[in-house]
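Overview (structure and organization)
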Amino acid sequence: MKKKSVAGIIALNFFKTIGIILLLAAVGVLSYYLTMLYFDQTGRTERSTTYKHVITVNTGNESSNLIYSYDPKSKKIKAMVLELFDSVSGNMNYITIPVDTQITISADTYSDLIQVSQKLPQLSKMSDINDYFSGDVAYEYGILILQEDLKADIGYFTAISSDKFDTYFENAGSKKKPKYKPAKALLDRAAACSSGGEMEDLIEDEWDNLITDITLSQKQGYAEPLTKVKQENIRLYHAYGAKNGNVYLLDKTKNKKLVNRIWESESYTGSQKSSSSTDSSAAASGHTIQITNGSGIDGLAAAYKTKLEAESLKIKGLGNYTGQKRSSTVIYAKKKKWGQELKKYFPSASIVEREDLTNGADIEILLGTDAKLS
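This report concerns the structure included in the present document. (Residues numbered from 1 in each chain as written. Predicted model: local features only at pLDDT ≥ 70, side-chain atom pairs only at ≥ 80, totals over all residues. Heavy atoms only, no water.)

**Remarks on the pairing of strand S13 (residues 288–293)**
With 6 of 6 residues buried, S13 lies mostly within the body of the structure. The alternating pattern of S13 places Thr288, Gln290 and Thr292 and Ile289, Ile291 and Asn293 on opposite faces, both of which are buried. In terms of strand pairing, S13 meets strand S14 (residues 314–320) through 6 bridges, oriented parallel. Counted as the bridge partner of Thr292 is Gly319 from S14. For the segment spanning S13, helix H11 (residues 300–309) and S14, crossover handedness is right-handed. Of the strand pairs in this sheet, S13 and strand S17 (residues 363–367) are connected by 5 bridges, and their pairing is parallel. Paired with Ile289 across the two strands is Ile363, which belongs to S17. (Buried < 20%, exposed > 50% of the residue type's maximum accessible area, 1.4 Å probe, protein only. Helix = DSSP H or I, 4+ residues; strand = E, 2+ residues; numbered from the N terminus. Pairing = 2+ DSSP bridges. Right-handed = clockwise from strand over helix to strand, strands pointing away.)

**Concerning a nonpolar patch on the surface**
A cluster of nonpolar side chains, Ile18, Ile21 and Leu22, forms an exposed patch at the surface whose accessible area comes to about 280 Å². Among the structural elements, Leu22 can be located in helix H1 (residues 6–42). (Patch = residues over 30% accessible without salt bridge, like charges linked within 9 Å, V, L, I, M, F, W, Y side chains within 5 Å. Areas by Shrake-Rupley, 256 points an atom, 1.4 Å probe, with all protein chains shown as cover. Salt bridge = Lys/Arg side-chain N within 4 Å of Asp/Glu carboxyl O.)

**Looking at unusual backbone geometry**
A positive phi is found at Lys75, a non-glycine position, where the angle reads about 70°. With respect to the helices and strands, Lys75 occurs in the loop between strand S1 (62–70) and strand S2 (77–86). A positive phi is found at Asn359, a non-glycine position, where the angle reads about 65°. Tracing the chain through its elements places Asn359 in the loop between strand S16 (350–353) and S17.

**Brief notes about helix H10 (residues 252–264)**
Along an α-helix, a turn takes 3.6 residues, which lines up residues three or four apart on a common side. With 13 residues, H10 should reach 18 Å at 1.5 Å per residue; the first-to-last C-alpha distance of 18 Å fits that figure. Of the positions making up H10, those classed as buried are Asn255, Leu258, Val259, Ile262 and Trp263. Projection of H10 onto a plane perpendicular to its axis shows the buried side chains occupying an angular sector of 130°, all on one side. Of the residues in H10, the exposed ones pointing more than 90 degrees away from the buried face are Lys257 and Glu264. Close packing links the buried residues of H10 with S1, S2, strand S3 (92–96), helix H4 (137–150), strand S10 (235–238) and strand S12 (247–250). (Expected span 1.5 Å × (residues − 1). Arc of directions from axis to C-beta. Contact = heavy atoms within 4.5 Å.)

**Side note on the environment of Ala172**
Along the chain, the position of Ala172 falls in the loop between strand S7 (169–171) and strand S8 (180–182). Taking the C-alpha atoms as reference, Ala172 lies 8.4 Å from Leu236; in sequence the two are 64 residues apart.

**Some words on the pattern of salt bridges**
As enumerated under the stated definition, the model contains 11 salt bridges in all. Across the pair Lys228 and Glu224 runs a salt bridge whose closest N-O atoms are separated by 3.2 Å. A salt bridge links Glu309 to Lys305, with the nearest nitrogen and oxygen atoms 3.1 Å apart. With Glu309 and Lys305 both in helix H11, this residue pair falls 4 residues apart, about one helical turn. Glu309 gets classed as partly exposed once you look at its relative accessible area, which sits at 36%.

Dropping the structure here:
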């Protein structure tokens, strides 16, 4: 038997090596395609990863989620609810924000946003967010605008078509002052989840019905804490503010206090008391106030304007009384109960119900000399 030449041995080993390399490459390519095929069959496209975010998306222990209900055809916003969930205490809160809320965008913010959309007015209505901006990111721009007045950090959004929203939420308030809460059917499904895994499954079951700027895994991070939420302890609120014509104006100071109080609360141990709602229909804080100086004391009306505005009351105007100097202060109100809150500032004042008030105000304070500030 002839001995193999050195050149033949080298050539043989060379081709063996090449063969091994080609085999490994083929295995790698096959593995890649099998992996991609698996994800094509089992994976989902996360909408939140398909565009550049304009807010810092935050899914920390304090979940602040702005929920929009939108009309599938017109894209108009039909309802807004801010969901505040503390995953440590287990406290769940919902603040309904009127869709006719109008925001006056600050000059700095407006100069930035007008570069994005020439359609955006400086006086913007939250119901028209999808008219001003296009795509899912419109809801993040809505957060940027809303935070101008709400003075609460919002971590992410969830947008739900109005037909689905009506199956997820129900109005526990009135038509004029709605307070949305999760529908009983949804709460019962959540209550049936005895483990974090079951809650994760529930979240995934509904995921394709939602538009949001977080991922499924981020939302499922709240699964275990959500199993500890008790239906009877859920708190409902209506955002502080007042109607002004056909728009709603938020009360920055009161809403900021409300949100801070929610985050600072200990774990809820009982159902919400009626006194903890934000219904201010009988309070001066929900109505416009005219201050008319009948005391003859220079600057008294302006001084009370400063004092009452510091208490978050809305002063519509100031004026001087044209009749004789008044010794006693009178509080005129379109509804007598609206003036009751002002008695703490004017203890000796009488309250008189009157429809026609100066400057079209809801309440008019006619200052007498007894209202002199020390």
